[in-house]
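Overview (structure and organization)
These are the residues of each chain, in order.
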Amino acid sequence: MTQNRPWIPYLLILPSVAFLALLFVVPLVQTIWLALSDNGAPSLANAERMVTDINFTRSVRNTFLLTIVVVPVQIAIALAMGTMVAKVGRGRETILWIWTIPLGISDLAAGLVWLSILQNTGYFNSLLFSLGVIGRQASWLSYQTPVALFIAIAVAEIWRGTAIVMVIIVAGLNQVPKEFKEAAEIFGAGPWTRFWRITLPLIRPALQSALILRTVLAFEVFAVVYALGGRNFPVLVGEAYNWQNQNQNYSVAAVYAVLIMIISLAATLIYLKALKVDPERLP
Amino acid sequence: MANIVIDRIRKSFGAFQALKEISLTINDGEFVSLLGPSGCGKTTLLRIIAGLETSTSGDVRIGDRSIIGLAPKDRGLAMVFQNYAVFPHMTVYENVAFGLRMQKADDARVKAQVEKAAGLLHIEPYLDRYPNKLSGGQRQRVAVARALAVEPKVLLMDEPLSNLDALLRLEMRTELKTVLQSAGTTTIYVTHDQTEAMGLSDRIAVMHNGVVEQVGHPVEIYNHPATRFVGGFIGNPPMNFIKVPVSNGQVVAGAEQLAVPEDVGNEIVLGLRGEAVELAPLPQGIEMKVRVAEPMGSHLLLTGSIHDQPVRVILPASETVKSGDTIGLKLDRKRITWLSPESGKSFPAVSA
Ligand SMILES: Nc1ncnc2c1ncn2[C@@H]1O[C@H](COP(=O)(O)OP(=O)(O)O)[C@@H](O)[C@H]1O
Ligand SMILES: [Mg+2]
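Residue positions within a chain follow its written sequence, with the count starting from 1. To read the labels, note that chains go from A and ligands from 1, taken in the order they are written. It should be noted that, the model being predicted, local features are given only for residues of pLDDT at least 70 and side-chain atom pairs only at 80 or more, the latter also being counted only at that level, while totals for whole chains, interfaces and linings use all residues. Each side-chain value is derived from all of the structure's non-hydrogen atoms; neither hydrogens nor water enter the calculation.

Looking at an unreviewed UniProt entry, one finds chain A named Binding-protein-dependent transport systems inner membrane component. Under the UniProt heading Sequence similarities (unreviewed entry), the note attached to chain A is "Belongs to the binding-protein-dependent transport system permease family." UniProt positions are given in the numbering used here, feature names are shortened, and annotations may be inferred rather than shown by experiment. Heading Subcellular location (unreviewed entry) of the UniProt record for chain A holds this comment: "Cell membrane".

Take a look at the structure:
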């Protein structure tokens, strides 16, 4: 039937293509033009302005640092959680449900939750005080305590973003027939060997998806950082926000947006190459 | 010595009893099949022996050493899974080498063993390939080679041929038999396919609803099933069961008087293999109404009734019986099995 009317498939995908073009490609092109032009002529002036700003280097460094710390920890925790829950019989669904609660909390709300814990009059200080660990309120989120601030943000991000990784990894683990692990066990592989030599290679596609998703999201980190550290801990999206709203300079904000996009695309590409999934080697 | 003693093994899943006190002894080097319909507990028993499942009670000994508390890898056995479980991310070579690598064998030994196993199973040409590029039959060979490469004392196989098409299954069956005979491995082979079990096994254990109904040589099980279930499950067509009246310790079959075991009531079940008959004129023979006659080429298959009870018999292809005929049959009295109508168990063979 489609042989007689070869245009039908194109007709059917036309709405989605048009929708994407209108709401994604057009703004994208506009943003890139905004970033790379000055008074209607191509120019690198905005980029220069971004790079010479004192917060630029710090925001790049902070964003990368946060990503490098948070993503591997999230993957490791998610793998541990997924492996543990796979061993649970009854109550498995309930455990998964509880573990995915952070997924339903918006990132700003998550930031505020952690703020209420870690601010000077927060629960954490109350606890330490009642245990006699500290004599008076300690501050964790100020610019004088960069390490504590970093750790606080990292912990909040890990708490907030691990669930999505776990969901993907659990889905991946479910795809692996138990006979693979059993065969490995019979032929003498211990728990670690089974994990490294059998499970991990077999969930490679899920791992790849989780890594790409989490890394891209990590480069876009904003609300949690904003709630906990304000401008004490500049990150890329935060800077874009400031240029846009505080400084009313849409062009520099656009350069930030383009930069974030380039970094995300590059990271995705690296994962796709480094964790190449060969369909021939999947179950 | 790798004789296996399965000693009163029970297994319950919740309230459901999957295995109800199974006892079975397998001699060193013997090939024993666990044969039974789907869901009768074959896989569960095999997994308990392998250590992948814990039994509710009972003991398993290999070479007189209890293995019930040991980890699978310490039991000295290898297993071929129903879906092969050949690792998709490793080459065929690495798959076959897997057990040896886990034993930290040196490269020379790994190479020698892999080549030996690959040679036995004819998979040398694929050693560098990944399993997904292989057909079902080839993957099955890889799974067997992986198991044989570690030279296990005991080999467990769970329906290894059930995913293959009929022609390949026949071919692999013959090859498995050759390979395992030369390796001399004690083998437990799970199958629901009676021809497979008959062809391969030294002995067969017929299972039904978590119970071993009969253990014996294939021919013995075929000719003298211990229960009605066994007779009906083994053989194609299955054994015929005809309820007949008994008078003065005898059953009348046409012109013949057949002696029955002494301690029976006024009815008994006559178990008759379809081919244990020959054509005889009426009224010397017992009367059979033929509903359908199917010439199968090698033989003639007749479906109909004796004493108003359904039967299937086999005659030589040269006989000319048509659908709707009424014929007389002479029964081969040496091949009759008498069964109790109440318990369904067979009586020991009678001489008369
Ligand atoms: N993990 C399990 N939980 C509950 N029931 C099970 C489990 N494994 C097997 N069974 C039940 O035990 C019975 C025997 O199963 P199995 O040993 O797989 O049979 P077979 O291999 O002979 O087909 C079946 O009724 C099956 O549903
Ligand atoms: Mg089974």
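From this point, the discussion proceeds with the structure in view.
Moving on: the overall build of chain A. If you tally the helices and strands in chain A, you get 13 helices and two strands. C-alpha extents for chain A along the principal axes are approximately 80 × 65 × 30 Å. Only the protein chains shown count as cover for residues, with accessible areas throughout obtained via the Shrake-Rupley method and a probe of 1.4 Å. Summed over all atoms, the accessible surface of chain A reaches about 16,000 Å², with 68% contributed by carbon and sulfur. We count Lys and Arg on the positive side and Asp and Glu on the negative side, and we leave His and both chain ends out. Think of each charge as sitting on NZ of Lys, CZ of Arg, CG of Asp or CD of Glu. Here chain A contributes 19 positive and 13 negative side-chain charges, whose respective centroids are spaced 5 Å apart. Where helices and strands are cited, they refer to DSSP runs of H or I of at least four residues and of E of at least two residues respectively, numbered from the N terminus.

Structurally, B:Thr91 can be placed in the loop between strand 6 (77–80) and helix 2 (92–102). Residues are treated as being in contact if the distance between any of their heavy atoms lies within 4.5 Å. The residues touching B:Thr91, leaving out its near neighbours within four places in the chain, are B:Leu127, B:Asp128, B:Arg129 and B:Tyr130.

Our next topic: the pairing of strand 8 (residues 186–191) of chain B. Within a regular strand, side chains alternate between the sheet's two faces. All names here are of chain B. Whether a residue is buried, partly exposed or exposed follows from its accessible area with a 1.4 Å probe, protein chains only, as a fraction of its type maximum: under 20%, in between, or over 50%, in that order. Of all six residues in strand 8, six are buried; the element is thus mostly enclosed. Side chains of strand 8 alternate between two faces, with Thr186, Ile188 and Val190 and Thr187, Tyr189 and Thr191 buried alike. Criterion used throughout: strands pair if DSSP finds at least two bridges between them. Summarising the sheet, strand 3 (residues 31–35) and strand 8 pair through five bridges and their orientation is parallel. Paired with leucine 35 across the two strands is threonine 191, which belongs to strand 8. Once you follow strand 7 (residues 154–158) into helix 5 (residues 166–183) and on to strand 8, the crossover reads as right-handed. Here the term right-handed applies to a crossover when the path leading from its first strand over the helix to its second strand runs clockwise, the strands being oriented away from the viewer.

Whenever strands of a sheet pair, they do so through backbone hydrogen bonds, lying parallel or antiparallel. Residues and elements named next belong to chain B. Within the open sheet, the six strands sit side by side as 6-7-8-3-9-10. Their pairing is mixed. Sheet topology places strand 6 and strand 10 (211–216) at the edges, where each strand pairs with a single neighbour. Here the average twist between neighbouring strands, direction ignored, is 15°. Note on method: axes are straight lines fitted to C-alpha atoms, helices fitted across the in-contact stretch only, with angles between N-to-C directions ranging 0 to 180 degrees. Relative to strand 6, helix 4 (residues 136–149) is tilted by about 180°, and along the sheet it contacts strand 6 and strand 7.

Once that is clear, we can look at the UniProt feature "domain: ABC transmembrane type-1" (unreviewed entry) in chain A. Under the local residue numbering, the UniProt record ascribes the feature "domain: ABC transmembrane type-1" (unreviewed entry) to residues 60–271 of chain A. Here residues 60–271 of chain A runs as 76% helix and 0% strand, with 20 Å between its end C-alpha atoms.

At the junction of the two partners, chain A supplies 21 residues and chain B supplies 25 residues. Together, the buried faces of chain A and chain B total about 2,200 Å²; carbon and sulfur atoms form 68% of this surface. By the criterion of area lost to chain B, the three top residues of chain A are A:Ile186, A:Phe187 and A:Glu280, representing 36% of everything that side buries. A pairing counts as a salt bridge when a side-chain nitrogen of Lys or Arg comes within 4 Å of a carboxyl oxygen of Asp or Glu. Across the contact surface, chain A and chain B share one salt bridge. We define buried area as the total accessible area lost by two parts upon association, computed with a 1.4 Å probe and summed across both.

All names here are of chain A. Across all of its chains, the model carries 26 salt bridges over all chains by this definition. Close ionic contact of arginine 92 with glutamate 93 constitutes a salt bridge, the shortest N to O distance being 3.7 Å. Note on arginine 92: relative accessible area 18%, which makes it buried.

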